[in-house]
Every structure is written in structure tokens, then in C-alpha cells.
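# Fold and contact review
Listed here are the chains, written in short residue letters.
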Amino acid sequence: MTVRFITVDGERTAVSADGDRRLDRLAQAAGVRLNLRCGGRGVCMGCRVRVGPGSYRVEGLEQEVPDGETLEVPACRTEVCGPCRVEVPRGSLLSDTIQVDGRFYLSCAAQQETGLFRRTTCEMSPPDEEMITSTEERLRLALGPKAGEDALPLSLVRALKGIDHSGGGPLQVLGERDGDRHRLLEVREAGNGDPLWGVAVDLGTTTVVAVLVDLETGHIAGEVSGYNRQIEVADDVAARITASTEAGGLEKLRRAFIELTLNPLIDRLCAGAGIERSSILALTVAGNTVMQHLMMGLSPETIGHVPFEPLMREYPETSAAVLGVPLHAQALVYLVPAISGYIGGDLTADILAADLHERSGVHLLVDIGTNGEIVLVEDGTLWAASAAAGPAFEGGGLRCGCRAQPGAVERLRALPTGGWSVATIEDRLAVGLCGSAIIDLPAVLLELGFIGATGRLDREALARHGRLSIVVEGGLEEAGVCVVPGEETVRGIDLVVTERELAEILKAKAALHAAVVVLLQRAGRRVEELESLVLAGGFAQYIHLPHAVRIGLLPAVPEHRVERLGNGSLAGSYRALLEPGARAALRGISRMPRTVHLNRQPGFQDAFIDGLMLDT
Amino acid sequence: MARNDALYVAVGQGRREEVKKIVDAEISIGVEPVTLLMESMVPAMRDLGERFARNEVYVPEMLIAARAMQAGLDIIDPMMSESGHKPAGCVCIGTVKGDLHDIGKNLVAMMLKGAGYKVMDLGVDCSVEKFQQAVEDGAQAVLLSALLTTTMPYMKQVVEHFRDQPTVKLLVGGAPVTWEYAREIGAHGYADNAGEVVNAVESVLGVAG
């Protein structure tokens, strides 16, 4: 049975084999990428499409659409029962213009140290008729002791073709050097002025950022980001672990990252800088442990249950070609080592980027993302915990939640009038609420008296203000607050957050709050003793700190002690590309933290319940 | 006789310290612990559960109230066993092997205690053997909780294990668990949220008599 999808880009078809009739999966098969933000639960209406005449099952109920009519349905909750035609509005397509911040701020004040990869010159002596030797040996001699005893790598010698070495003379040598380790990469014409290129990647569960870096200067020549296409296979970390255990699942996930996500991003970087992939000498990647496993074709299955032990924490540097990422023939891929099953290379990278391992005093690092990790440092001792806050802060799980993109509501502020101001990214009509606004909302409602300590809305007060919404779902009524009225939104529909969704936000922030409390307890320290609070993660850049403290998400640390790292994962990955010693430091850091299993801490449940309340 | 309104309200609003104060005060003037439980505390949790099922309160308030209820129970529980109070039934509950999540499971345990059941809370990371032991110690129903899709499959093993002990009833729940999954693995009961658990247990065991 054939299903035709009409989108702004043209028409695509999918043929449904007997098994799958779900409209979102058929769309995927047809190459139509729908916005499946809530992971197919039918909550966000991001995948709404308009179906033509035919028979369907929507939310499990039979639906007939008569000739000449159409019906708007959520694709993830609709099954087709016969051939049909589906119109896909632009708003339901996965946007490629998401805003993921690649910016980061490194702790070191001085200029970025480089030198891991460098170019040097060597002098090759001319061939000698008296001696029986080879070009390769003559070159090795010129390179000196660092070339070692064995023959040079094949690819390096192959590349000599085209360089005139008949009379001897100077040559340019590209190499990697870290302490005692030397690795020869390429021999070039002496006058070659081309930069040496490397790529650093932040591998997120939801989004991936990559930067093109000049390895000699540290200059960032390009930045790209995109969705981790593994989302289309499985939504969150736990779902990906489960999917990887299914037949062919691990390979599917690996390819979704390497072929559908990473390679296209590298292509974009190369196109932007006008270079070839073969000029990229190195690739570094920092991400959470499960993502790193999937990328390497390692099963993350053991991370899914007690004791959450990963197959590997440190990974061997692997040829990029072997991993399916064509770069320079000698390019190796380096992964930042992970700390534990749930605290990955991204946190190790954060710690390096903030130089947390070398600071004296007590410091707290919080990385708020799809998962939520916390590290407490005291004079070289580290405790780390993973709070599994859930997707609430990234816009997931909320009807009107969205990722940061043009039109996303990013700021809400209480006004003297008793209402609130709304600011969107690029001042467009509102599309949804993104993370920073999701933090603002309970704070603003609390300030204006519209919400109680346990997250209950004051219906009368909201009604008086004209902002009460009653949402009916499954025959039950839920109270909600109209955050942005329809006329200010792109679809003309009110952006409403219900009490139930507010309860989800409370649970998410309670998890983080409790993690902080428990870690401080373990270290025997109080909030007042924190010398700094370091916030990592793209979304942390934009949080309005007073609101985060007001609702109890973050501990009350004075603003001058708060540091925003930006994308710490990318920062650490970047440093691993440039600095001799960075990789050794990262390895050392990954072995430092004592991992704390929050669920096993006696005070956790109490701290969690306390943390549920606003006004803590 | 009856209800101590102050206690009823304090439990419903999750005021832990106040619950302790009132319970202590009432016990000291000779009120029977079972009266406090059945006339004030149990109704408070049951009414809250019903409001939860109607979307009038949500998980945060349930947890806060449950904690307050537990504070009161901590005082009167030791006294109850002495008075020979007969529970509505006996169940065991645990988070399955491989999983450490317990806050939701603890809430469910509280709702059941609040409905007058004797609850053996087996904790987290529970193997089949633990559930078997609880059954031998008197549990009529086994409640399984899992919060990760990766640990859910263990529920199937537990259900399989009890297949040849048909008088033991199995119920499952937890965020990733669905009614379809419960049916698929052959569980006897399922609850979508803590507010529905008491009903689910009652219908599976037959209303306690």
C-alpha cells in the first residue's frame, strides 16, 4: 500500500509492508523527517499532518475521512489502513536551523596553547650512487631518531609521489608529538603554506557540534551543528541502549551517527572552508558514555543496569578510516575518556576546560542537558553524580516545548502590571518555549502569585488575568497557564503549560537539586563554602540565574562566583586537539572522581522531596 | 468519633512536623493508634489518591503528603502490631534487578499502607529470589517496579517464575511500563500511576474481606 507525502520540498512516497502502518515511521521511510520531539507519545503535536480521504486508526480509534475532506492528526499516533495522501506542513518538519551553541570559554587566561600537531623541516641528502638505499630510508635518515627503526607508514611514502626529492633538499614534515610520543603524518614540499586542520566534536544525545580548527594557531575556522540522527532510531539514552540490543540495532545506531550525522557535518565544515577532507589530520570527540560506545560499535548494554559498568572508559586511538570517517590517511580519532557509565567524556572535558582538577577550595560543576551531571571538587578530590533530570529542560515532554531555534521563547520576566514579558529568539512569532524560558516560567508565576509552593496554579488569579487555560485530555480537565496568547504565535494557537507539565518541571529540578544536596553532604560541605559554581552546557549559557535559584534548581551562590563555561564538552575536545599534555590530563581526570549513586544515598529521597517545592 | 481534622489536613498538605506533633499528642491522651490511622490518615491519603486520579493533584504533592504520612506511621506502626490490627491484605513490592530507582516505588508502597495494606518493601535491585521469599513470608501479591526500558525485561522473568504458583498475583508499573506490556508478559495487574495502585491491587486480590 502506497502512502504519498506532500511536503514543501515536493512529493515522496513510502510503501507500507504489512507490518508497519504507523504514519511517522512511513514518513521516515519516505525520507520525510518529522518533528518527533516528544518521542512519539502524542504530546507535543510537533508531527501533525493532514491526511486525505481514507481509513485510519488515530489513537487506537477508527477514523474515516470522506472524499473531499482532510483531517489533521499526529503522525506518531496514527496508523494507515489503506493508500492515502498526506500533507506535511512546514512546521512539522525537523528544522535544520537549530541553534546549538558551540561557544565556550576556557579557563586559561593566556593564549591557547598549541603544538600537539606541528610542522617542521628536515633536510634530505641527495642520493648517492655509491650507496644502496631507498628513498624511504633516505627520508628516514633525514627525519632523525624520531622516525624510529621501522619503515615509514605506507600512506606517507605513497604521498611522496609528486614531491621532487631527486636532488635532496628540504622537506616539510607534519607530525604529532606528545611528550615522548612521535607520530609522522605527512611529508610535503618545503614551501607548503597550507594550514594543518583538525576537527573537535561535542557528541550530544540530541545535538552534535563540530568545529574546524587550525592546529597551529588554535583558530576556529568553522562551526556546524545538527541533530544526532540516532534520535530517529531511539529517542533518549535508555531507549538507545535498548535499541542497541535488538538484532542489527547497534549497527543501525552506529551508522546513524557516523554516516548520517558526523560525515555530513564534516562535509559542511570542509565546504565552508574550501578544503578537502583529506587535509584533516585529527578528530577528537567528547560525549556521554553511551554515545561514545555507539560510535565505536561497542555495546552499551551493560550501562543499562546495575552496576552500570561500561565496556570501556578509555578508548584506543583508532584510524578514522576504520571508523568510516574518511579524513587524512593517517588521521586518528581520539575520544575523551569517560568517568563512568553515566558520566561521560563530556564531563571529563568540562572539568579540563574549567581546570577544576587543579583548583583549590570547593567548587561545583553542573552540566544541564538531556541528562544532568554534577561534579563537586575539593582540592583535587572529585565526586560525581548523574541526576537524570529528564528532557524537561530541553523542551521535551512539554506540549509547547521546543529546542532553541528562531521563534523559541527564551525569556519571561515579571512585569509591574502583574503579567509577564515574552522574548523570542530573533524576535519572531513564538514557536514554543525553550529551556531558559522553562526555568523562567515557575519563577515568574511564583513572583506574581499565580502558583503555590507545590506547583498548583491559582485558577482564580489566572482567570482574572485572562491567562487561565483549561485543557481537556482523555476526558479529564487540567488547569494550565496561557504563557503566550495565540495572536503572538506562529500557529495562532495559545502556548499553554499545564499543571501536570509544571509538575514534570518540578521533578526535573528536584532531581538536580537533590544531587547537589547529596554531593555536598558526602563531601561534608555547605553551599556557603562553594567558591564557585561552574555551569556547563549550551542551555546553561542562557539561564537567568536569579530564577534558577528562586525555584531551587541551582544552589544560591552569589552571581560573582558563578562561571559559565559554555560548551565545556567541545572546549575539552578542542584542547585535546591542540595541547600536548591535554590527553594525559584528561585521562588523569577520568580516573579521579568517585561516582556517587544517588539512589543509594540515604538522604536522596528526602532531598528530592524537599527539592520538589518552589520556595525551597 | 472520628476524624481528627487537623491530622487529616496535615497529612493531605504534607506537613510532616505537624503530623508528628498531632499523633504524639493524641496518643498521649489515650487515642487508639488504629483510630488515628483509619479515621484520619488513611482517608487523607485515599482522598488525595482520588484527586490525583482526577488530575487535581500531581506527583509532587503526593510525594510530599506520603512523606508526612510515613512520619506518622513511624510512630504508630510499632503500636499497631501489638493491637492485633488486621491489615486489608499483604503485598510485597520491589524495584527489579538491575534498577535502582525507588522514589516512585516508595510512593506506591505508601499509597498501599495508606489503604491499610501490610507492605513488605523489598527495596531495589531485587532478584526473583527476594520476591519468592516475600511470598513465603506471607505476601499475596507481588508488585514490580522498573524505571528503565533496559531493566523492564526482568519483569518477565519474575512473572514466569510465579507461573506455577497461581495464587500469587503479579502487578507491574513504572514510567516505561504500559498496559500492553503488562498483558504481553502475563501480569495480573497494572497501574499507570500511584493513584491507581490501590484499585489495581484490590481488583486483583478481590476486595479484601
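As a reminder, the structure under discussion sits directly above these lines.
This one's a predicted model, so the numbers in the text were calculated from it and none came from an experiment.

## With respect to empty space enclosed by the protein
All names here are of chain A. For the coordinates displayed, the defined rule picks out three cavities of 30 Å³ or more. Within this model, the largest cavity holds a volume of roughly 60 Å³. Taken together, V237, N288, T289, V290, G341, Y342, I343, G344, N371, E373 and S386 make up the lining of the largest cavity. For the lining of the largest cavity, a count of residues per class yields four nonpolar, six polar and one charged.

## Some points on the nonpolar core
Among the nonpolar cores identified, the biggest contains 118 residues, and A:F608, B:L112 and B:L143 are the most heavily contacted of them. Tallying contributions element by element places helix α10 (residues 499-523) of chain A first for this core, with 14 residues. Leave out the neighbours within four places in its chain, and B:L143 touches B:V91, B:C92, B:I93, B:G94, B:V108, B:L112, B:F131, B:L171, B:V197 and B:V201. Counting residues in each nonpolar core, the second largest holds 42 residues, with A:F104, A:A286, A:L352 and A:Y574 among its members.

## Regarding the packing of helix α1 (residues 5-12) of chain B against helix α2 (residues 16-28) of chain B
A packed helix pair is summarised by two numbers, namely the angle formed by the two axes and the spacing between the axes. Residue and element names in this part refer to chain B. Between α1 and α2, the least distance of the axes is 9 Å, while the angle of their chain directions is 155 degrees. When the axis of α1 is compared with that of α2, the two are roughly antiparallel. The element α1 and its partner α2 pack so that their crossing is left-handed. Contacts between α1 and α2 involve A6, L7, A10 and V11 on the former and, on the latter, E18, V19, I22 and V23. Of the residues assigned to the contact of α1 with α2, the class counts are seven nonpolar, no polar and one charged.

## Quick word on a nonpolar patch on the surface
A cluster of nonpolar residues, A:L429, A:V431 and A:V490, forms a patch on the protein surface that exposes about 240 Å² of accessible area. By the secondary structure assignment, A:V431 is in the loop between β22 (420-424) and β23 (432-433).

## A closer look at the interface of chain A and chain B
In this assembly, 29 residues from chain A lie in contact with 27 residues from chain B. Summing the contributions of chain A and of chain B, the shared interface buries around 2400 Å²; its carbon and sulfur component is 59%. Contact with chain B buries area across many residues of chain A, yet A:R456, A:N599 and A:I609 alone supply 21% of it, more than any other trio. The interface formed by chain A and chain B includes five salt bridges. A salt bridge links B:R16 to A:D606, with the nearest nitrogen and oxygen atoms 3.5 Å apart. Taken together, the connections running from chain A to chain B amount to eleven residue pairs in polar contact (both at pLDDT 80 or more). Listing elements by their share of the side of chain A that touches chain B, those giving two or more residues are α4 (237-245), β25 (476-484), α10 and α14 (604-612) of chain A. The element best represented in the side of chain A that touches chain B is α14(A), accounting for seven residues. Class assignment for the residues of the side of chain A that touches chain B results in 13 nonpolar, seven polar and nine charged.

## Quick notes on helix α5 (residues 103-114) of chain B
Across its twelve residues, α5(B) extends 16 Å between first and last C-alpha, which sits within 8% of the 16 Å expected from 1.5 Å per residue. The element α5(B) is extensively covered by neighbouring structure, given that ten of its twelve residues are classed as buried.

## A short note on the pattern of salt bridges
Residues and elements named next belong to chain A. Counted under the stated rule, the structure contains 47 salt bridges over all chains. Among the ionic pairs, D24 bridges to R22, the shortest N-O distance being 2.8 Å. Taking the relative accessible area as the measure of exposure, R22 reaches 21% and is therefore partly exposed. Between R583 and E176 there is a salt bridge, with its nearest N and O atoms 3.8 Å apart. Of this pair, R583 sits in helix α13 (residues 582-590) while E176 sits in strand β10 (residues 169-178); the two residues are 407 residues apart in sequence, bridging distant segments of the chain. By the burial criterion, R583 is buried, and E176 matches it.

About the cut-offs
Residues numbered from 1 in each chain as written. Chains lettered and ligands numbered in written order. Predicted model: local features only at pLDDT ≥ 70, side-chain atom pairs only at ≥ 80, totals over all residues. Heavy atoms only, no water. 1 Å grid on protein atoms, 1.4 Å probe; cavity = no way out; pocket = protein on both sides within 12 Å on 5 of 7 lines; lining within 4 Å. Points joined across faces, edges and corners; volume = space filled by probe spheres on them. Nonpolar A, V, L, I, M, F, W, Y, C, P; charged D, E, K, R; others polar. Core = buried A, V, L, I, M, F, W, Y, C linked by side-chain atoms within 4.5 Å. Buried < 20%, exposed > 50% of the residue type's maximum accessible area, 1.4 Å probe, protein only. Helix = DSSP H or I, 4+ residues; strand = E, 2+ residues; numbered from the N terminus. Contact = heavy atoms within 4.5 Å. Axes fitted to C-alpha atoms, helices over the stretch in contact; angles between N-to-C directions. Parallel < 35°, antiparallel > 145°, perpendicular 65-115°, else oblique. Left-handed = near helix turned anticlockwise from the far one by under 90°. Patch = residues over 30% accessible without salt bridge, like charges linked within 9 Å, V, L, I, M, F, W, Y side chains within 5 Å. Areas by Shrake-Rupley, 256 points an atom, 1.4 Å probe, with all protein chains shown as cover. Salt bridge = Lys/Arg side-chain N within 4 Å of Asp/Glu carboxyl O. Buried area = accessible area lost by both parts, 1.4 Å probe. Polar contact = N/O pair within 3.5 Å; in protein donor to acceptor, adjacent residues only side chain to side chain. Expected span 1.5 Å × (residues − 1).

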